[in-house]
Amino acid sequence: MTSSILAASGGVKQVICINWGTKYGAPFINRLYAMVARNITPPFTFTCFTDNRVGLNSEIRCEDLPPLDIENMPVNTRGIWPKARLWGPTLGNLKGAVLFLDLDLVIVSSLDPFFEVGEAEDVVMTRNQTTPFERLGQTSLFRFPVGKLLPLQEKFRSDPQGVADEYRYEQRFVSRNAPGGAKFFPRKWVLHFRQDCRWPFPLNYFLAPRLPKDALVVIFPRGLHPQHAIEGRYGTKGPRKSALEHVAGVFDPQQRKNKGAFQYLRHYIRPTAWVAEHWRE
């Protein structure tokens, strides 16, 4: 039976992503497509809105980046505001609900449940775990009907810097302004790698990050990518260090890079095999 959520899209589960510039590109997009294909019940489509189609899997539907018509994007903001391109009245030939996925997340189980929560017209977001006392969503993974977020795009387009200064993150802007209000997927479905999978100090030196049994997707915000987790590197620069090498670095201010001793000691992970198992073509 086709759910009401899928009815507007002809029973097809529509998954989308966006790529611009050179930070990610084909390797990330192709891995994401492969993870989706392994973890979804057909029929489905996977559409990438991108400014570079070189090297992409032929099964991926490619569309040009939707127009945004903003001369100057916000500066000095931590929000990923180019995602606002997806908030326009149309997205290629897609109709109905679409499930947006960031390029650097890891899918570990079925995506089907994300098309079963709420109603067809709902904006349904991942819960933001970093602010548990704020009703805040994540845009790393969220579902919305094509065209539903047009009022947000228009508001952002009218004053990009002002909106970014007020809300800081695009996910806060969506959470606060989604027409009809934002709903949320169950908390345990989408986990934050650093917060939900890492062990606390000192267990992080002895145990590899865990994968809770109810997880469907694991997100990797703020620069720690899946490849770093596979290699056992908490930071984005420099070679991996053994546990003893990392502990010894607590006495080296240059290696600590202005971090407090306890913060520095917490920033160590062992190689994470389950990420490699899932994050592949």
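Residues numbered from 1 in each chain as written. Predicted model: local features only at pLDDT ≥ 70, side-chain atom pairs only at ≥ 80, totals over all residues. Heavy atoms only, no water.

Asks: Help me understand a nonpolar patch on the surface in this model?
Replies: Residues L203, F206 and L207 make up a contiguous nonpolar surface patch of about 300 Å² in total accessible area. Inspection of the secondary structure assignment puts L203 in the loop between α6 (193–197) and β10 (217–219). (Patch = residues over 30% accessible without salt bridge, like charges linked within 9 Å, V, L, I, M, F, W, Y side chains within 5 Å. Areas by Shrake-Rupley, 256 points an atom, 1.4 Å probe, with all protein chains shown as cover. Salt bridge = Lys/Arg side-chain N within 4 Å of Asp/Glu carboxyl O. Helix = DSSP H or I, 4+ residues; strand = E, 2+ residues; numbered from the N terminus.)

Asks: Explanation requested: the sheet that holds strand β6 (residues 123–127) in the structure shown.
Replies: Within a sheet, adjacent strands bond to each other through the backbone by hydrogen bonds, running parallel or antiparallel. The strand order β3-β2-β1-β4-β7-β6-β8 describes an open sheet built from seven strands, whose pairing is mixed. At either end of the open sheet lies a strand with only one pairing partner, and these are β3 (61–64) and β8 (182–184). In this sheet, neighbouring strand axes are inclined to one another by 30° on average, regardless of whether the strands run parallel or antiparallel. Pairing analysis gives four bridges linking strand β2 (residues 44–50) to β3, with the strands arranged parallel. Note that in β3 the partner of T47 across the bridge is R61. Contacting β1 (13–19), β2 and β4 (97–101), helix α2 (residues 26–38) crosses the sheet at an angle of about 165° to β2. Of the strands in this sheet, β6, β7 (137–145) and β8 touch helix α5 (residues 170–177), which is tilted by about 45° from β7. (Pairing = 2+ DSSP bridges. Axes fitted to C-alpha atoms, helices over the stretch in contact; angles between N-to-C directions. Contact = heavy atoms within 4.5 Å.)

Asks: Looking at this structure, how should I read the side chain of R194?
Replies: Tracing the backbone shows R194 in helix α6. Separated by 2.7 Å, the side chain of R194 and the backbone oxygen of P221 make a polar contact. (Polar contact = N/O pair within 3.5 Å; in protein donor to acceptor, adjacent residues only side chain to side chain.)

Asks: Hey, could you run me through the packing of aromatic side chains in this one?
Replies: Taken as a whole and assessed by the stated rule, the structure comprises 18 aromatic pairs. Where F142 meets F144, the ring centres are 5.0 Å apart and the plane angle is 25°; that geometry is what we call stacked. An identical accessibility class is assigned to F142 and F144; each is buried. On the basis of an interplanar angle of 25° and a centroid distance of 6.2 Å, the ring pair of F185 and W189 is categorised as stacked. (Phe/Tyr/Trp six-rings, centres within 6.5 Å; stacked < 30°, edge-to-face > 60°. Buried < 20%, exposed > 50% of the residue type's maximum accessible area, 1.4 Å probe, protein only.)

Asks: Teacher, can you tell me more about unusual backbone geometry here?
Replies: Most peptide bonds adopt trans geometry, and most residues besides glycine take a negative phi value. In this structure, P43 follows P42 across a cis peptide bond, with omega equal to 0°. The omega torsion across F201 and P202 is 5°, close enough to zero to call that bond cis. Within the fold, P202 resides in the loop between α6 and β10. Although it is not a glycine, K257 sits at a positive phi angle of roughly 55°. When its relative accessible area of 57% is taken as the criterion, K257 is described as exposed. In this structure, N258 takes a positive phi of about 70° despite not being glycine. Within the element layout of this structure, N258 appears in the loop between α9 (253–256) and α10 (261–266). For N258, a relative accessible area of 82% gives the class exposed.

Geometry only, nothing functional implied.
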